[in-house]
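# Fold and geometry: a report
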Amino acid sequence: MDVVNRLKDSTSPYLLQHADNPVDWWPWCEEAFAEAARRDVPVMLSVGYAACHWCHVMAHESFEDPDTAAVLNEHLVSVKVDREERPDVDSVYMTATQAMTGQGGWPMTVFMTPDKEPFFCGTYYPRDYFRQLVLNISQAWHDQRDDVTGRARQVAAALAQNAAATAAALRGPHGELDALFRQAADVAVQGLSRDYDAARGGFGGAPKFPPSMVLEFLLRHHERTGEANALAMTEGTCEAMARGGMYDQLGGGFARYSVDAGWVVPHFEKMLYDNALLARVYAHLWRRTGSALARRVAEQTCDWMLRELRTAEGGIAASLDADSEGAEGKFYVWTPPQLREALGPEDAEFAAEAFHVTQAGTFEHGASVLQLRSDPEDASRLGRVRDVLLAARAGRVRPGRDDKVVAAWNGLAISALAECGLLFARPDLTAAARDAATLLARVHLVGGRLVRTSRGGAAGTTAGALDDYACVAEGFITLSGVTGEARWLRLAGELLEIALGSFGDGQGGFYDTAADDEVLIFRPTTPPPPVPSPWPGRCSATRR
């Protein structure tokens, strides 16, 4: 069959990565499901994002393979979605995936009926397994149609029922909120204390994600109650993250998570939302304790956002890829010979000791992820070595950048940049926050409503979700407080009025999507409803 390039005009770099695949991709649209109904075939939904390592692996193995593409094109209608552009679609079908498999992750792979009801879910599949799975799905669709559609209706109904129940459970009598909050906060701190890894920082075991909102909560709990343990857990976690391999010891900025419990080896993609939230955490920690490390990390993270993610239009791009030259982490890791080549023998020995670069390596193929477990006595030498290594690294092939601007994440960045600009007497950071806010007001506000994404100064077509309104409003409020400019406070008020009117459920809760947005199999809320799973499924990767 002829393949039509329907993704070539997308504003999503992730969709553009797949535009030239031999797979006959459709974007998420009613026409795709109508085509599936016309052909009497199931729909295969593939959800990912541009910086996702395993998304690249599945793309190279399967979606770029002509034979696998031919199987997909013959038996299915294939729909590709950028989870960052359509968080509503991602949330609904990730809830289904987690309910049916007990796990989730990206790439997310969902097989559904033309009525958008899922009946088989998973994540990454190796090519041979994936190809056979598609054939099995197609055979079941034709030979066991009633069983397949019956399961799909059961899944959709269960998800909708649980979504409604979860939304109701999140509501409570308004008069009880303050007491309930204080009681819940105390219980949460007790639970976090039990899960805290006193030896290595963070909570629980591997993999460890940066718990930015937990750390903000603990800082505020300490401020409110004076509880020393809340501050101690924050300090221990922040220091462990900042000194390990998840933090870029040369260029600043945090990777998405650590694959081990000791914060040594990261999953190397760098996301704007993580770094915006963490910059504020470290700034707030500095404000509370005066920690020099916290200030350094907060400023370096802001500097990284502007150096690596700032767009020509003044916005902040979404992410940096984990891969370069087809290998994960290649841009960031070092071997002893590479240190000697860049620094010479004496400084290379100093750098290897300071950054824990070993002959055996801490990553793959004898390479090491840089760590700075303690500060050397010779701070000036460390600074000089860091500058030389950063310049040498600049000559490497850089990871790809997803240069779309996401409204919610830019709202988080505006808050971080404006606050850090004020706290650290950095007017350049405040100016950058104003530039990003100006772009959002000029491009993303269309007819008084927010558009979720833009690229190259052109607005996308996806309506803003609840987090866009909330995070942009917070960013505007923070910027107004820092600069005294009333415009941002007025715009924030207008956004919050829309959030109350279009996203509220009428009983004190909120949906993720507006009342007039596209209707999916259920209307998602945050957090997505947990659903116990009576259905079998397969998941090959944890949520990444």
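Further up the page is the structure itself.
Residues numbered from 1 in each chain as written. Predicted model: local features only at pLDDT ≥ 70, side-chain atom pairs only at ≥ 80, totals over all residues. Heavy atoms only, no water.

## What about the overall build of the chain?
A tally of regular secondary structure across the chain gives 19 helices and 17 strands. Whereas a compact globule of 544 residues would reach a radius of gyration of roughly 24 Å, the chain reaches 24 Å, a difference of no more than 12%. Structurally, the chain occupies a C-alpha span of about 70 × 60 × 45 Å along its principal axes. For the chain, with 544 residues in total, the buried portion stands at 57%. When contacts within the chain are restricted to residue pairs at least 6 apart in sequence, those whose partners lie at least 24 apart make up 69%. (Helix = DSSP H or I, 4+ residues; strand = E, 2+ residues; numbered from the N terminus. Rg over C-alpha atoms; globule rule 2.2 N^0.38 Å. Buried < 20%, exposed > 50% of the residue type's maximum accessible area, 1.4 Å probe, protein only. Contact = heavy atoms within 4.5 Å.)

## Overview of the environment of arginine 6
In this structure, arginine 6 sits in the segment before helix H1 (13-17). Taking C-alpha positions, arginine 6 is 19 Å from alanine 458, a pair spaced 452 residues apart along the chain. Look past the residues within four positions of arginine 6 in its chain and what remains in contact with it is Asp24, Trp25, Trp26 and Pro27. In this structure the side chain of arginine 6 is engaged in a polar contact, spanning 2.9 Å, whose partner is the side chain of aspartate 24. (Polar contact = N/O pair within 3.5 Å; in protein donor to acceptor, adjacent residues only side chain to side chain.)

## Quick notes on a nonpolar patch on the surface
On the surface, a nonpolar cluster with roughly 250 Å² of combined accessible area is contributed by Ile477, Leu489 and Leu496. In this structure leucine 496 comes out as partly exposed when scored by relative accessible area, which is 36%. (Patch = residues over 30% accessible without salt bridge, like charges linked within 9 Å, V, L, I, M, F, W, Y side chains within 5 Å. Areas by Shrake-Rupley, 256 points an atom, 1.4 Å probe, with all protein chains shown as cover. Salt bridge = Lys/Arg side-chain N within 4 Å of Asp/Glu carboxyl O.)

## Description of the packing of aromatic side chains
Applying the stated criterion across every chain, the model contains 21 aromatic pairs. Relative to tryptophan 488, the ring of phenylalanine 476 lies with its centre 5.2 Å away and its plane at 45°, an arrangement referred to as tilted. Placement of phenylalanine 476 in helix H18 (residues 466-483) and of tryptophan 488 in helix H19 (residues 486-503) is noted, with a sequence separation of 12 residues between them. With a relative accessible area of 1%, phenylalanine 476 lands in the buried category. Residue tryptophan 488 is classed as buried on the basis of its relative accessible area of 2%. The cationic tip of lysine 116 hangs over the ring face of phenylalanine 33; the distance from NZ or CZ to the ring centre is 5.2 Å. Lying over the aromatic face of tryptophan 286, arginine 295 brings its terminal NZ or CZ to 5.5 Å of the ring centre. (Phe/Tyr/Trp six-rings, centres within 6.5 Å; stacked < 30°, edge-to-face > 60°. Lys NZ or Arg CZ within 6 Å of the ring centre and 35° of its normal.)

## Here we look at the nonpolar core
In terms of nonpolar packing, the biggest core is built from 147 residues, with Leu45, Tyr93, Phe111, Tyr282 and Phe476 touching the most fellow members. Those residues in contact with phenylalanine 476 that lie beyond four places of it in its chain are Ile414, Ala437, Leu440, Trp488, Leu489, Leu491, Ala492 and Leu495. (Core = buried A, V, L, I, M, F, W, Y, C linked by side-chain atoms within 4.5 Å.)

## Overview of the layout of surface pockets
Of the voids in this model, the second largest pocket is the one considered here, and its volume is about 280 Å³. Lining of the second largest pocket is provided by 16 residues; of these, Ser10, Leu15, Pro27, Glu85 and Thr461 occupy positions nearest its centre. Considering each element in turn, the lining of the second largest pocket owes the most residues, 3 residues, to strand S3 (residues 77-82). Counted by class, the lining of the second largest pocket contains 5 nonpolar, 5 polar and 6 charged residues. (1 Å grid on protein atoms, 1.4 Å probe; cavity = no way out; pocket = protein on both sides within 12 Å on 5 of 7 lines; lining within 4 Å. Points joined across faces, edges and corners; volume = space filled by probe spheres on them. Nonpolar A, V, L, I, M, F, W, Y, C, P; charged D, E, K, R; others polar.)

## Re the pairing of S3
With respect to burial, S3 is a largely interior element, 6 of its 6 residues being buried. Residues Val77, Val79 and Val81 point to one face of S3 and Ser78, Lys80 and Asp82 to the other, with burial holding for every one of them. Examined bridge by bridge, strand S1 (residues 25-27) and S3 share 3 bridges and lie parallel to one another. Along S3, the bridge assignment pairs proline 27 with lysine 80. Here 6 bridges tie strand S2 (residues 43-48) to S3, and the two strands are oriented parallel to one another. Paired with serine 46 across the strands is lysine 80, a residue of S3. (Pairing = 2+ DSSP bridges.)

## Structural notes on the pattern of salt bridges
Evaluated as defined, the whole model comprises 42 salt bridges. One salt bridge in this structure joins aspartate 9 and lysine 8, with 3.2 Å as the shortest N-O distance. Classification of aspartate 9 as exposed rests on a relative accessible area of 65%. For aspartate 248, the salt bridge identified is with arginine 393, shortest N-O distance 3.0 Å. One end of the pair, aspartate 248, is in the loop between helix H10 (228-243) and strand S6 (257-258); the other, arginine 393, is in helix H15 (residues 379-393), and 145 residues separate them in sequence.

## Notes on the sheet that holds strand S13 (residues 405-406)
Sheet architecture is open: 3 strands sit in the order S13-S16-S17, paired in antiparallel fashion. Each edge of the open sheet carries a strand with a single partner, namely S13 and strand S17 (458-459). Of the strand pairs in this sheet, strand S16 (residues 453-455) and S17 are connected by 2 bridges, and their pairing is antiparallel. Bridge pairing in S17 places serine 454 opposite alanine 459.

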